[in-house]
Amino acid sequence: MMFVLTGDVDENKIRHAYSFDMDEAGPVLHVWYSVQQTHLVIPIVDGNDDAEESSIETEFFPEGGVTRTSSDLELYWDDAIQYVGVLFRDVQIPKGATIDSEYIQFVCKSAGSDEMSIKIWGVDSVNVDSILGIDYGVSANEPTQATIDWSPAPWIVEFDAKPEERTPHLNTIINEIISNDGWEAGNNMMFVLTGDVD
C-alpha cells in the first residue's frame, strides 16, 4: 500500500517529518478493522520506502527528480511543491474487512505553524512493489478515486508524534484499495501526499 501527500503553493507552508533514514523514525500506518477489532501498527521498514519528488526543476533536483535517502520528509515544500510517497509493506488486512479507522502518524522534525492544505491519495494497486528511484517515481503512480484533504495543526516540538502529527482517517482510500480484485492480506500499500500543483 502506498500513499502520496501534497499541498498548495506557498513556500512558507511546510511541515518537517522524520523519514525512515533518520533513526528509523519514519511514518507509521495505524489501522483498525472490524474482524475482532484488530489494530495494526505498520512502520516503514526500509529507507527506500519513503521518498520525495520535486514537481518542478530546482537548484538540486530536475522536474520529477526523486530522492529516497533524505533524513526528513518536507510536507509538502522543498524549493518547490513536492510529492511525498510512503510505502507500507505486509499490510495484514483481509479482503472484505470493514475499515473502522486509520491514519498515518508522522514524527515532527522541526516546528511549522502556518496554515496549509495537503491532499492525500492512495496508489490504485493491490500490491505496490517499491517506490521507484527514477524521475516521476512517486507521482506517476495511478491514484485512487478517493482522496483526503488534511490541514495539519501546528507542529511545535521535535520528536512529537501526537494527534497534531497524524493524518485524518483514511478509511475511504484503504477501503477502495482492499476492495479491488487481487487484494489479499500481506500485500503492500502506498500513499502520496502533495499540494495543489495545478
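Predicted model, so just to flag it, every value in this text is computed and none were measured. Note that residues are indexed from 1 along each chain, following the sequence as it is written. Confidence filtering applies because this is a predicted model: local features only for residues at pLDDT of at least 70, side-chain atom pairs given and counted only at 80 or more, and all residues used for totals across whole chains, interfaces and linings. Note that water and hydrogens are dropped before the side-chain values are worked out from all heavy atoms of the structure.

1. Some remarks on the pairing of strand E5 (residues 50-54)
Here's step 1: Three labels apply to residues, based on accessible area from a 1.4 Å probe with only protein chains included: buried if under 20% of the type maximum, exposed if over 50%, partly exposed otherwise in between. Each helix is a run of DSSP H or I of at least 4 residues and each strand a run of E of at least 2, with the numbering of both proceeding from the N terminus. For E5, the buried fraction is high: five of the five residues fall into the buried class.
Here's step 2: Judged by which residues are buried, E5 turns out to be covered on both faces: Asp50, Glu52 and Ser54 on one side and Ala51 and Glu53 on the other are all buried.
Here's step 3: Pairs of strands are assigned from DSSP output, requiring at least two bridges between the strands. In this structure, E5 lies alongside strand E8 (residues 82-91), joined through five bridges in antiparallel fashion. Pairing of serine 54 across the sheet is with glutamine 82, part of E8.
Here's step 4: Where E5 and strand E6 (residues 66-67) come together, two bridges link them in antiparallel fashion. Across the sheet, glutamate 52 pairs through a bridge with threonine 67, a residue of E6.

2. Observations concerning the environment of aspartate 72
Here's step 1: Mapped onto the fold, aspartate 72 is located in strand E7 (residues 72-75).
Here's step 2: Residue aspartate 72 is classed as buried on the basis of its relative accessible area, which comes to 8%.
Here's step 3: Remark: the alpha-carbon pair of aspartate 72 and serine 19, spanning 53 residues in sequence, is separated by 4.6 Å.
Here's step 4: Only 3.5 Å separates the side chain of aspartate 72 from the side chain of lysine 109, close enough to count as a polar contact. Two N or O atoms count as a polar contact when they lie within 3.5 Å, although within protein this holds only if one can serve as hydrogen donor and the other as acceptor, and sequence-adjacent residues are included solely when both atoms are side-chain atoms.

3. So, the nonpolar core
Here's step 1: Judged by nonpolar contacts, the single largest core of 39 residues is most densely connected at Phe88, Ile93, Phe106, Ile174, Met189 and Phe191.
Here's step 2: For the purposes of this section, nonpolar cores are sets of buried Ala, Val, Leu, Ile, Met, Phe, Trp, Tyr and Cys residues that join through side-chain atoms within 4.5 Å. Listed in part, the eleven residues of the second largest apolar core include Ala51, Val66, Trp121 and Val138.

4. Examining the sheet that holds strand E3 (residues 28-33)
Here's step 1: Judged by pairing direction, the sheet is antiparallel, and its three strands sit side by side in the order E4-E3-E9 without closing on themselves. Here the strands that pair on one side only, and so sit at the sheet edges, are strand E4 (38-43) and strand E9 (99-105). Strand after strand, the sheet turns through a mean of 10° between neighbouring axes, direction not considered. A fitted line through C-alpha atoms represents every axis, and for helices the fit uses only the stretch in contact; the resulting angles, taken between N-to-C directions, go from 0 to 180 degrees.

5. Some thoughts on helix H1 (residues 171-178)
Note: α-helices contain 3.6 residues per turn, so residues at a spacing of three or four share the same orientation.
Here's step 1: Counting buried positions along H1 gives six out of eight residues, so the element sits mostly inside the fold.
Here's step 2: Within the span of H1, buried status applies to Asn171, Ile173, Ile174, Glu176, Ile177 and Ile178.

6. Details of the packing of aromatic side chains
Here's step 1: Stacked, edge-to-face and tilted labels apply to pairs of Phe, Tyr and Trp rings (six-membered ring for Trp) whose centres lie within 6.5 Å, assigned for plane angles under 30 degrees, over 60, and everything in between, in that order. The final tally for this structure, using the stated rule, is six aromatic pairs.
Here's step 2: Ring centres 5.7 Å apart and planes at 40° place the aromatic pair tryptophan 32 and tyrosine 103 in the tilted group. Here tyrosine 103 lies in strand E9 and tryptophan 32 lies in strand E3, a separation of 71 residues in the sequence.
Here's step 3: The exposure class assigned to tryptophan 32 is partly exposed, which follows from its relative accessible area of 26%.

7. A word on the pattern of salt bridges
Here's step 1: Any Lys or Arg side-chain nitrogen located within 4 Å of an Asp or Glu carboxyl oxygen qualifies as a salt bridge. Counted according to the given criterion, the structure contains four salt bridges.
Here's step 2: Among the salt bridges present, the one from aspartate 149 reaches lysine 119, with a minimum N-O distance of 2.7 Å. With aspartate 149 in strand E12 (residues 143-150) and lysine 119 in strand E11 (residues 118-123), this residue pair connects regions lying 30 residues apart in the sequence.
Here's step 3: With relative accessibility at 32%, the residue lysine 119 sits in the partly exposed group.
Here's step 4: The residue lysine 162 makes a salt bridge to aspartate 160 at a minimum N-O spacing of 3.8 Å.
Here's step 5: Judged by relative accessible area, which is 16%, aspartate 160 ranks as buried.

8. Some thoughts on the pairing of E9
Here's step 1: Within E9, six of the seven residues are buried, which leaves it mostly tucked inside the rest of the structure.
Here's step 2: Relative to E9, E3 runs antiparallel, the two being bridged by six bridges. Counterpart to valine 28 in the pairing with E9 is glutamine 105.

9. Points about the confidence of the model for the protein chain
Here's step 1: One confidence number per residue, pLDDT, is output by the predictor and ranges from 0 to 100. The predicted model of the protein chain has a mean per-residue pLDDT of 85, with 86% of residues at 70 or higher.
Here's step 2: Within the protein chain, E12 carries the highest mean pLDDT (97), whereas strand E1 (residues 2-7) carries the lowest (45).
Here's step 3: Predicted confidence for residues 1-12 stays below pLDDT 50, and this span has 97 contacts to residues more than four positions away or in other chains. Any two residues having at least one pair of non-hydrogen atoms within 4.5 Å are treated as being in contact.

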